[in-house]
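Chain residues, written in single-letter form:
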Amino acid sequence: MASSGLFHVVDTRQFDRPMLDRLCRLATHVRVLAKTKAGAQGLQALAPDRRAMLYFTQPSTRTFLSFNSACHILGMQTSEIRSPSISSEVKGETFEDSIRTFSSYADVIIMRTPEGGKAARAAELMDSIPRPVPVINAGSGPDQHPTQALLDIYTLERSFERRGGIDGKTIAMMGDLRRGRTVRSLSYLMKNYSQVRLRFVAPPGYEIRRDILDHLEVHGVAYQSTSRLEDVIGELDALYVTRLQSEYDDSDQPGKADYAAYSIGPEQLKNFPADAIVMHPLPRGPELDPAIDNDPRVMYWRQERNGMWMRVALLAAIFELDGSLNVN
Ligand code: NCD
C-alpha cells in the first residue's frame, strides 16, 4: 500500500494475513455470486463507472484474459496495449509519460513488462501526480508476479479447506527458481502462515536467489534446498512445478541443466501422497506431463479459474466495493 493511501499492488511483501484472508473471502463470495444470473448482474452493476488500462508489453495468455474477464465481471470498461511497438514509446515517449497518459483515461493501470522494477516505477510516479490511479503489477520481468501469488494462495487455501488451510503444510517449489517470478512472489507470502515448511528443488545453477532466502530467515520460515525431488516428494502437501524461463537466457544464462529430472508425470506421482496437490502457474513445458491432467491431485486448471476470481476480489478491494458486496 502506498504512503498516499493509494492501493497499488507491486510486490507481495505488502500483504498481511488479514488482507490475504479478506481477499480469499471476497474471491469465494464473488465466485458463488457469479453462478446465478441475478448474482452476475449484481456484480456487473458494481463498477460500470470504472475503466481499466491493460498495458502488457510481455506475452501473456492467462493473466491478460483473467484480468480482462475480472474487469468485465465487475462491469468495468477496458482498454489495452499489448505491444510497445504500437504505443508512442516508439516515437521516443518516455515510460513515465506513457504511464501518466494511461492514468488520464483509466482508473487503474494493470501492467506486465519484460523488465523488472517497472510496476514499482509506475506506482512511484502515481504517488507524485495530482490525479493518481492504482497500479497493479501483472508480472515484472524475472522479479515479481504478485497476483499469481494471490491466486496460488487462494488455490492452496481452498485445497486444504478441510485440513486447516495453509498453516502447517509442507510445500515444495521446483524448477527454474532463480528466474521464476511466481515462486519469488509466493515465497514472500509464506511468512503470513504458521509452521509452513518450504522445500526448494532446483537444478544446480537455477537455485532460488539469496534475497528470498534472507527474507524467509528474517521471518522465521523453515526451508530446505535440494537438487533431488525424490528427497522430499513423500513428505509434501503441495508441489509447485515451474518451467525453464528460457526467455531470460540472454541476460541471465545460468548454464545448461538436466531439466528432465525436474518434471512430474505418472512415475513421480506414484510416490506423491494421496492428499497432496500439484500446482503449476502455466504455460507448461515438458516438465508437466499431460498424462497426469485428470489426476484428482492436479490443481493447475483450477488455478486458472481461481485467478479470475482472485483478480475480481483484488479490484473489488482496490475500489472498496466490499460494502456493496456485503462481505466483511
Ligand atoms: C507465469 C509468468 O508469466 O510468470 N505465467 C502466468 O502468468 N500464469 C509463469 C511462466 O510464464 O512460467
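Parameters and conventions
Residues numbered from 1 in each chain as written. Predicted model: local features only at pLDDT ≥ 70, side-chain atom pairs only at ≥ 80, totals over all residues. Heavy atoms only, no water. Domains from an automatic or database assignment. Contact = heavy atoms within 4.5 Å. Buried area = accessible area lost by both parts, 1.4 Å probe. Salt bridge = Lys/Arg side-chain N within 4 Å of Asp/Glu carboxyl O. Polar contact = N/O pair within 3.5 Å; in protein donor to acceptor, adjacent residues only side chain to side chain. Helix = DSSP H or I, 4+ residues; strand = E, 2+ residues; numbered from the N terminus. Nonpolar A, V, L, I, M, F, W, Y, C, P; charged D, E, K, R; others polar. Buried < 20%, exposed > 50% of the residue type's maximum accessible area, 1.4 Å probe, protein only. Lys, Arg positive; Asp, Glu negative; His and termini not counted. Disulfide = S-S within 2.5 Å. 1 Å grid on protein atoms, 1.4 Å probe; cavity = no way out; pocket = protein on both sides within 12 Å on 5 of 7 lines; lining within 4 Å. Points joined across faces, edges and corners; volume = space filled by probe spheres on them. Pairing = 2+ DSSP bridges. Axes fitted to C-alpha atoms, helices over the stretch in contact; angles between N-to-C directions.

Caption draft 1: Spotlight on the domain arrangement of the chain. When cut into domains, the chain gives domain 1 (12–144 + 307–325) and domain 2 (146–304). For domain 1 versus domain 2, the separation of C-alpha centres amounts to 25 Å. Contacts between domain 1 and domain 2 engage 32 residues on the former and 27 residues on the latter. Between domain 1 and domain 2 the total buried area reaches about 2,600 Å² when both faces are included, carbon and sulfur atoms providing 54% of it. Among the ionic pairs, R184 bridges to D143, the shortest N-O distance being 4.0 Å. Put simply, domain 1 and domain 2 have 18 residue pairs in polar contact (both at pLDDT 80 or more) between them. Of all elements in the fold, only α1 (17–33), α3 (62–73), β3 (108–113), β4 (135–140) and α10 (300–318) reach the threshold of two or more residues within the side of domain 1 that touches domain 2. Here the element with the most residues in the side of domain 1 that touches domain 2 is α1; it accounts for 8 residues. Here the side of domain 1 that touches domain 2 is built from residues that sort into 13 nonpolar, 10 polar and 9 charged.

Caption draft 2: Seen up close, the side chain of R112. Its location among the elements puts R112 in strand β3. No salt bridge is formed by the buried R112. Its closest oppositely charged neighbour is E247, at 7.4 Å. Within polar-contact distance, the side chain of R112 engages the backbone oxygen of P59 at 2.9 Å. Beyond its immediate sequence surroundings of up to four residues, R112 is in contact with Y55, F56, T57, Q58, P59, S60, T63, A138, G139, H145 and R181.

Caption draft 3: Quick peek at the state of the cysteines. Enumeration according to the criterion identifies 0 disulfides in this entry. Unpaired in this structure, C24 has its nearest cysteine sulfur neighbour in C71, at a distance of 20 Å. According to the relative accessible area criterion, C24 is buried, its value standing at 10%. Residue classification places C71 among the buried positions, given a relative accessible area of 0%.

Caption draft 4: Highlighting the layout of surface pockets. Its volume calculated, the largest pocket comes out at about 420 Å³. Surrounding the largest pocket, 22 residues form its lining, R112, R181, R243, L282 and P283 being those nearest its centre. Of all the secondary-structure elements, those providing two or more residues to the lining of the largest pocket are α3 and α7 (181–189). Of the residues in the lining of the largest pocket, the class split is 6 nonpolar, 11 polar and 5 charged. Looking at the second largest pocket, its volume works out to about 210 Å³. Forming the boundary of the second largest pocket are 16 residues, of which R62, T63, S66, E304 and R305 lie nearest the centre. Of all the secondary-structure elements, those providing two or more residues to the lining of the second largest pocket are α3, α6 (146–159) and α10. Considering every element that reaches the lining of the second largest pocket, the biggest residue donor is α10, with 7 residues.

Caption draft 5: Region of interest: the environment of V232. Counting through the fold element by element, V232 comes out in the loop between β7 (222–226) and β8 (238–241). According to the relative accessible area criterion, V232 is buried, its value standing at 3%. Taking C-alpha positions, V232 is 46 Å from G42, a pair spaced 190 residues apart along the chain. Apart from residues lying up to four places away in sequence, V232 is in contact with R199, V201 and T226.

Caption draft 6: Expanded view of the sheet that holds β3. Strand order in this open sheet of 4 strands is β2-β1-β3-β4, and the pairing throughout is parallel. Whereas interior strands pair on both sides, the edge strands pair on one side only; in this sheet they are β2 (77–81) and β4. Averaged over neighbouring strand pairs, the angle between their axes works out to 15 degrees when direction is ignored. Pairing between β3 and β4: 4 bridges, direction parallel. Each bridged residue has a counterpart across the sheet, and for T113 the counterpart in β4 is S140. In the packing of α3 onto the sheet, the strands contacted are β1 (51–56), β2, β3 and β4, and the crossing angle to β1 comes to about 175 degrees.

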